[in-house]
Amino acid sequence: MSMLRLAADARHRVELSVNGTARSGLAEPRMLLCDFLRHELQTYGVHVGCEHGVCGACTVLVEGRAMRSCTQYAVQADGMHITTVEGLAEPGTLNALQQAFTRHHALQCGFCTPGILLSATHFLKERPRPQEAEVRDMLSGHICRCTGYAAIVAAILDAASVMNHGAG
Amino acid sequence: MAPVAGGGYFCKEGETVKPVAFEYCRPETIAEAAGVLAQFREEAAVLAGGMTLGPMLNLRITRPRVVIDVTRIRGLDSIDVRGGTVATGATLVQADALESYVLRREVPLLALALPWVGHFQTRNRGTLGGSVAHADPSAEIPLCLVVTDGAVVLRSKRRERRVPAREFFLGALTTARRPDELLVAIEWRRAAPDAGYAFEEIAQRHGDFAIAAAACQVRLDGDGRIAVLALGLGGAEDHPVAVETKAFVGRVADEGTAAALAEHAVQSVVAMEDHVADAEFRLALSRELIRRVLPRAVADARLRKERLQ
């Protein structure tokens, strides 16, 4: 049997794919995935808020699914495909969802925005024609202290409609 | 920013943040996991989705020497229908359970409760087994398991044993699991085709821990009277409780019965108090939730009965 055992006080090689590119870095077993993505791989679009799974700022896609990166550890993500906000569009451009956020003023300070964009990306893939209540339910996993959420809901609904009509 | 060798990874040397240093084990089989548990016992923590353990580690509420990541054990996320039960593997992810046609059909109460479990982003990672193993007093999945009279399957290096859910949850974050045991599966009773279900809860924010939750299962006889009734409360006591309901069998399932059931239930529990709600408030919410879930479960049972005819 080949059970993996990683010593507590050493740093271990973690190899994964971030936004389609093979990356690698070193992590102690206790290193949070969000800290690994920021400090080892310089994907600073991963924001770290509460660090205990409540605020949603650190949300990334792991194997296409939106989830917290503060309640998992870098060593767990070995071999996984991760998408961060940097991977949503080519540098200097915005995708349809990001453009909708701009149109609707769906961000102010922007701290919660990357996490919400990634949640919405996964959510819209599962629910291309969402009801407003479903969008609000999905957003309950994020805390935004600027917008009051109304503009974010409008942006996501608008993005869904744009994406469904082939524009953007 | 260069990490500091041997110390915290982005703070100055000597300062520490986030979890204590732990050894990480990633078994590929149940036997390997049980072997590590047998060796480290109380000093080991089993990690699945990390939706409960992650925060506990980050806040240093728990300080294990070894973390056993069970998410890559093959086959531990299965859904198996065997005779009268459906067994869900410990690492079955909540979002996958919600999408499962088999579970929606065979365990309707779980399907009703899952949308209340955390958020979209936490259900994508959190597991059924993790929720049951951690036994938060207000957690929805343990409550469903208690109401439907399911069981928990535990495996140690030496043997496997089944513990009925009503004997498994002992208190807040306390279960009958022994330190060398791994929760490997949850066994749900397959729902009777004419059984009706309802689930309701009240939380400060949807997806947060419930202040109070109620789950109900009911079957009606030919005259529309209660034939089988199960009622459970979450968030009232320090573990999910199944309310004794024998006295209500044979009664007409009307508003008066719902009110009497609510009164009976709140008198049978000793409500806990914490920073979110005092005992009186928890009982008031529980009373209201019971008044809602009984008629809903009855309506569901009537609908299912009609469809069968």
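Residues numbered from 1 in each chain as written. Chains lettered and ligands numbered in written order. Predicted model: local features only at pLDDT ≥ 70, side-chain atom pairs only at ≥ 80, totals over all residues.

Draft legend 1. Geometry of the domain arrangement of chain A. Residues and elements named next belong to chain A. Domain parsing of chain A yields domain 1 (12–87) and domain 2 (96–164). One C-alpha centre belongs to domain 1, the other to domain 2, and the line joining them spans 21 Å. With 15 residues of domain 1 at the contact, the number on the domain 2 side is 12 residues. When residues of the side of domain 1 that touches domain 2 are traced back to their parent elements, those giving at least two are strand S4 (60–62) and strand S5 (65–67). A class-by-class count of the residues in the side of domain 1 that touches domain 2 yields 8 nonpolar, 6 polar and 1 charged. (Domains from an automatic or database assignment. Contact = placed C-beta atoms within 7 Å. Helix = DSSP H or I, 4+ residues; strand = E, 2+ residues; numbered from the N terminus. Nonpolar A, V, L, I, M, F, W, Y, C, P; charged D, E, K, R; others polar.)

Draft legend 2. Here's a closer look at the sheet that holds strand S11 (residues 196–203) of chain B. Residues and elements named next belong to chain B. On the basis of which strands lie adjacent, the open sheet formed by 4 strands has the order S11-S12-S13-S14 and antiparallel pairing. Each edge of the sheet is formed by a strand with only one pairing partner; in this case those strands are S11 and strand S14 (241–243). Direction aside, neighbouring strands of the sheet carry axes that sit 20° apart on average. Strand direction decides the pairing type here: strand S13 (residues 226–234) and S14, joined by 3 bridges, are antiparallel. Counted as the bridge partner of Leu231 is Val243 from S14. Each of S11, strand S12 (210–220) and S13 touches helix H11 (residues 279–308); the most contacted strand, S12, lies at about 30° to it. (Pairing = 2+ DSSP bridges. Axes fitted to C-alpha atoms, helices over the stretch in contact; angles between N-to-C directions.)

Draft legend 3. Quick peek at the interface of chain B and chain A. Contact with chain B, which involves 34 residues of that partner, is made by 36 residues of chain A. Among the elements that line the side of chain B that touches chain A, the one with the most residues is strand S1 (residues 23–26) of chain B, at 4 residues. Taken together, the residues of the side of chain B that touches chain A sort by class into 15 nonpolar, 11 polar and 8 charged.

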